[in-house]
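Inside the fold
Spelled out from the first residue to the last, the chains are:
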Amino acid sequence: MSVKKVLRMGEPLLLQKAAPITLFDTLELHQLIQDMEDTMLAMSGAGIAAPQIGVSLQVVIFGQKELKNHNPRYPDADSVPYTVLLNPELTPLSDELEEGWEGCLSVPGMRGIVPRYARMKYKGYDQYGNAIERLVSGFHARVVQHECDHLNGVLYPMRITDLRNFGFTDVIFAGQDIQDD
Ligand code: NI
């Protein structure tokens, strides 16, 4: 399909709660997911949520189809399988939090340290209406929390607990192999 414009922080739609998907396996849904995938790949995103391309529906995609692929924005990330997740429900498996650097296609050129639950259960559906349920940890748990936050109008800077840990990628990671968006 096509690479879409990604809405940037400040756009009111990014602060809205997205609506659940009620009809699965429709042409419109497959087109939306293709647009999201094309946009994520073009921008080397670790994931993307439908509101980021202006569609306020509960659809996120994340991970990589080819696990060998090097993501220039997250070279140290564990490999996360390519996942299409609709109407997600997240449940932390413990109170344990982990801090890690995050960026977002809607906040280009920046990174911040965000605490996230270390271990999560997530449930939802794929684009055909098949149920998904997984127990995850590490970067997989982080990316699903980040993407699902977009469906509730939350952007990662709103989760940073110490704003001294927020800044421009090319300054923070100067000289390192991290693309600055
Ligand atoms: Ni994001």
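Relevant structure appears above.
Please read these numbers as outputs of a predicted model, since none were measured by experiment. (Residues numbered from 1 in each chain as written. Predicted model: local features only at pLDDT ≥ 70, side-chain atom pairs only at ≥ 80, totals over all residues. Heavy atoms only, no water.)

The subject of this paragraph is the packing of aromatic side chains. Think of a pair of aromatic rings as described by two things: how far the centres are apart, and how the planes are tilted against each other in angle. For the structure shown, the criterion picks out 4 aromatic pairs. Centre to centre, the rings of phenylalanine 62 and tyrosine 122 are 6.1 Å apart; their planes meet at 80 degrees, and the pair counts as edge-to-face. Of this pair, phenylalanine 62 sits in strand 2 (residues 59-62) while tyrosine 122 is found in strand 6 (residues 119-125), placing the two residues 60 residues apart along the sequence. For the pair phenylalanine 62 and tyrosine 122, one class covers both residues: buried. (Phe/Tyr/Trp six-rings, centres within 6.5 Å; stacked < 30°, edge-to-face > 60°. Helix = DSSP H or I, 4+ residues; strand = E, 2+ residues; numbered from the N terminus. Buried < 20%, exposed > 50% of the residue type's maximum accessible area, 1.4 Å probe, protein only.)

Our focus in this paragraph is the sheet that holds strand 6. The strand order across the open sheet formed by 5 strands is 1-2-3-6-7, and the pairing between neighbours is antiparallel. Whereas interior strands pair on both sides, the edge strands pair on one side only; in this sheet they are strand 1 (47-49) and strand 7 (131-137). Averaged over all pairs of adjacent strands, the angle between their axes in this sheet comes to 40 degrees, without regard to strand direction. Pairing between strand 1 and strand 2: 3 bridges, direction antiparallel. Residue pairing for strand 2: glycine 47 is matched across the bridge by phenylalanine 62. Those strands touched by helix 1 (residues 27-42) are strand 1, strand 2 and strand 3 (83-92), and its axis lies near 40 degrees from that of strand 2. Where helix 2 (residues 138-151) meets the sheet, its contacts fall on strand 1, strand 2, strand 3, strand 6 and strand 7, and the angle it forms with strand 2 comes to roughly 150 degrees. (Pairing = 2+ DSSP bridges. Axes fitted to C-alpha atoms, helices over the stretch in contact; angles between N-to-C directions. Contact = heavy atoms within 4.5 Å.)

With that settled, consider the layout of surface pockets. Considered as a void within the structure, the largest pocket measures approximately 330 Å³ in volume. Where the lining of the largest pocket is concerned, the elements lending two or more residues are strand 3, strand 5 (110-117) and helix 2. For the lining of the largest pocket, the per-class residue count stands at 9 nonpolar, 3 polar and 5 charged. (1 Å grid on protein atoms, 1.4 Å probe; cavity = no way out; pocket = protein on both sides within 12 Å on 5 of 7 lines; lining within 4 Å. Points joined across faces, edges and corners; volume = space filled by probe spheres on them. Nonpolar A, V, L, I, M, F, W, Y, C, P; charged D, E, K, R; others polar.)

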